[in-house]
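Listed below, chain by chain, are the residues.
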Amino acid sequence: MALNKELTEILVCPKCKGDLSLFEDESGFECEKCKVVYPVKDEIPIMLIDEAVPSDRWKEEKK
C-alpha cells in the first residue's frame, strides 16, 4: 500500500516549514534546506524533529 498522495502533498518540514521531497522508494521525506530526512515507518511519516536523520547519514545507510 502506497502513502496517501493527498497527505504527501501537504506535509512540510516541521522545523523550517519548507517543502519536502519524498524518496522514490517512499522510505522518507527529505528537507533540502535543513539537510534532514524524516523516515517513513509502516507507511506512517515520522514528522518529529528529534527523529529526523541527517541527509548524509541517511544516504550512507541506504547504500
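Only a predicted model underlies this, so the values are computations on that prediction, with no experimental measurement involved.

### Side note on the environment of Gly18
Turning to step 1, where the next piece is worked out: If you trace the backbone, Gly18 turns up in the loop between helix H1 (5–10) and strand S1 (21–22).
Turning to step 2, where the next piece is worked out: In this structure the C-alpha to C-alpha distance between Gly18 and Pro54, which are 36 residues apart in sequence, comes to 16 Å.

### Let's talk about the pattern of salt bridges
Turning to step 1, where the next piece is worked out: This structure, assessed with the given rule, holds three salt bridges.
Turning to step 2, where the next piece is worked out: Between Glu9 and Lys5 there is a salt bridge whose closest N-O contact spans 3.2 Å. With a gap of four residues between them, Glu9 and Lys5 both fall in helix H1, about one helical turn apart.
Turning to step 3, where the next piece is worked out: For Glu9, a relative accessible area of 53% corresponds to the exposed category.
Turning to step 4, where the next piece is worked out: Measuring nitrogen to oxygen at the nearest pair gives 3.3 Å for the salt bridge that ties Arg57 to Glu61. A residue pair is termed a helical-turn pair when its members lie 3 or 4 positions apart in one helix, as Arg57 and Glu61 do in helix H2 (residues 55–61) at four residues.

### As for the pairing of strand S3 (residues 36–41)
Turning to step 1, where the next piece is worked out: Of all six residues that make up S3, five are buried, and the element is covered over most of its length.
Turning to step 2, where the next piece is worked out: Here strand S2 (residues 28–31) hands over to S3 after four residues, with Lys35 in that stretch at a positive phi of 60°.
Turning to step 3, where the next piece is worked out: Pairing geometry for S3 and strand S5 (residues 53–54), over two bridges, is antiparallel. Bridge pairing in S5 places Val36 opposite Pro54.
Turning to step 4, where the next piece is worked out: Here S3 folds back onto strand S4 (residues 44–45), and the loop between the two strands holds two residues, one of which, Asp42, carries a positive phi near 50°.

### Observations concerning the environment of Met47
Turning to step 1, where the next piece is worked out: Structurally, the position occupied by Met47 is in the loop between S4 and S5.
Turning to step 2, where the next piece is worked out: Judged by relative accessible area, Met47 falls into the buried class, the value being 19%.
Turning to step 3, where the next piece is worked out: A C-alpha to C-alpha distance of 8.8 Å links Met47 and Leu11, two positions 36 residues apart in sequence.
Turning to step 4, where the next piece is worked out: Discounting chain neighbours no more than four positions away, the residues touching Met47 are Leu11, Val12, Pro14, Leu20 and Tyr38.

Criteria and cut-off values
Residues numbered from 1 in each chain as written. Predicted model: local features only at pLDDT ≥ 70, side-chain atom pairs only at ≥ 80, totals over all residues. Heavy atoms only, no water. Helix = DSSP H or I, 4+ residues; strand = E, 2+ residues; numbered from the N terminus. Salt bridge = Lys/Arg side-chain N within 4 Å of Asp/Glu carboxyl O. Buried < 20%, exposed > 50% of the residue type's maximum accessible area, 1.4 Å probe, protein only. Pairing = 2+ DSSP bridges. Contact = heavy atoms within 4.5 Å.

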